[in-house]
Amino acid sequence: MPNTSHTHHRRRAPLLAATVAAAAFLLAGCASPGAGSQTGAGEGGARGSGADDRPVVLTTFTVLADIAENVAGGHLRVESITKVGAEIHGYEPTPGDIRRASEADLILDNGMGLEAWFEQFVSGLDVPHAVVSDGIEPIDIREDAYSGMPNPHAWMSPLNVQVYVDNMAEAFARIDPESAGAYAANAQAYKAELQEVQDELVLSLEALPRQQRALVTCEGAFSYLARDARLTEKYIWAVNAEQQATPKQIASAIEFVRENDVPAVFCESTVSDAPMRQVVEATDAVLGDVLYVDSLSEANGPVPTYLDLIRHDADAIVAALSGGKQ
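Residues numbered from 1 in each chain as written. Predicted model: local features only at pLDDT ≥ 70, side-chain atom pairs only at ≥ 80, totals over all residues. Heavy atoms only, no water.

Engineer: Would you mind showing me how to read the sheet that holds strand S1 (residues 56–59) here?
Structural biologist: Adjacent strands of a sheet pair through backbone hydrogen bonds, lying either parallel or antiparallel. Strands sit in the order S2-S1-S3-S4 across an open sheet of four strands; the sheet is parallel. Of all strands in the sheet, those with a lone pairing partner are strand S2 (77–80) and strand S4 (129–131), marking the two edges. Going across the sheet, the axis of each strand differs from the next one's by a mean of 20°, ignoring polarity. Where helix H3 (residues 62–72) meets the sheet, it contacts S1, S2 and strand S3 (106–109), and its direction lies at approximately 170° from that of S2. Relative to the sheet, helix H6 (residues 158–175) contacts S1, S3 and S4, its axis offset from that of S3 by approximately 170°. (Pairing = 2+ DSSP bridges. Helix = DSSP H or I, 4+ residues; strand = E, 2+ residues; numbered from the N terminus. Axes fitted to C-alpha atoms, helices over the stretch in contact; angles between N-to-C directions. Contact = heavy atoms within 4.5 Å.)

Put into structure tokens, the structure is as follows:
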């Protein structure tokens, strides 16, 4: 699996290895029947508690968990390792995360190098896992240290997520063959919803005039969405991995916005918008509503589901680039 981690991620490897070792010690010496934490995104419950004996599927982040829940249809207990609002690229698993993973029946990761920590996370665990992006034609990153590597944010295209759904249904059928028919039916129904959202996305963004069809964001997380809607993409950094943007990256964004008279720019919910605010101060562009990529919101927030996330981002982009006129 391609690894798009930055140097500072590699420096984290000893810390992660130590965490894995500590977790292994805890699992060997401290496990007790019925011990576990609460179920939910980032906080799983142990098997054998008697409260819920459904097979447990553990995903790496909340977006995958929501997609998986639509395919599972209540037959499986789906949980996310990371919590709402977490930055997925440089996440550092805890001993509790590894304990939960050891008790799961299946682990789902995005792949394409998104989860730089994942290979070490599952190392030594006798738990099946599936890479949900398998079969998707990647868009390569074109600049910075990541040039030539696949852009991992494939879920930002509802067309790609239809592939995710098929991969999930197949993986679920392997751990729960008796419900294979239900998973296949759920997958087909959810894929129909995904296609509807895809059509809405393309229609709404195609309404933008040619001179406003540029999407400038903090992270290069929108390559697949931009491809689907035929938008020109520009970003400050390729993948969320640096503590702050470099002056060269900010200057490049400023130049692009000025040369193309871009009316609005955007930043994502899991990172600081301070670098993009520098772009706004140096140009005539405004900062549009926050976009969501790596994480859903809480249930009462703006994007409690994946379908809400795509609709929210499309609406925010159209509203800002058209000056609020749609």
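Once you've had a look at it, read on.
Engineer: For this particular structure, what's the right way to read the state of the cysteines?
Structural biologist: Cysteine pairs can be covalently joined through their sulfur atoms, and such a bond is termed a disulfide. If you walk through the whole model with that rule in mind, you get one disulfide. The partner cysteine of Cys218 in its disulfide is Cys267, sulfur to sulfur 2.0 Å. Between Cys218 and Cys267 the disulfide shows an S-S torsion of about -115°. By sign, it is left-handed. With Cys218 in strand S5 (residues 214–219) and Cys267 in the loop between strand S7 (264–265) and helix H10 (274–282), the pair connects residues that are 49 residues apart, well separated along the chain. Across the pair, exposure class does not vary: Cys218 and Cys267 are buried alike. (Disulfide = S-S within 2.5 Å. Buried < 20%, exposed > 50% of the residue type's maximum accessible area, 1.4 Å probe, protein only.)

Engineer: Could you clarify how one ought to interpret the environment of Ala319 in this entry?
Structural biologist: Relative to the elements of secondary structure, Ala319 occurs in helix H11 (residues 306–321). In sequence terms Ala319 and Gly288 are 31 residues apart; their C-alpha atoms lie 8.2 Å from each other.

Engineer: It is not clear to me how H3 should be interpreted in this structure. Could you clarify?
Structural biologist: Each α-helix turn comprises 3.6 residues. Residues three or four places apart therefore point the same way. Counting buried positions along H3 gives nine out of eleven residues, so the element sits mostly inside the fold. The complete set of buried residues in H3 reads Thr62, Val63, Leu64, Ala65, Asp66, Ile67, Ala68, Val71 and Ala72. Looking at the residues trailing H3, positive phi occurs at Gly73, about 60°.

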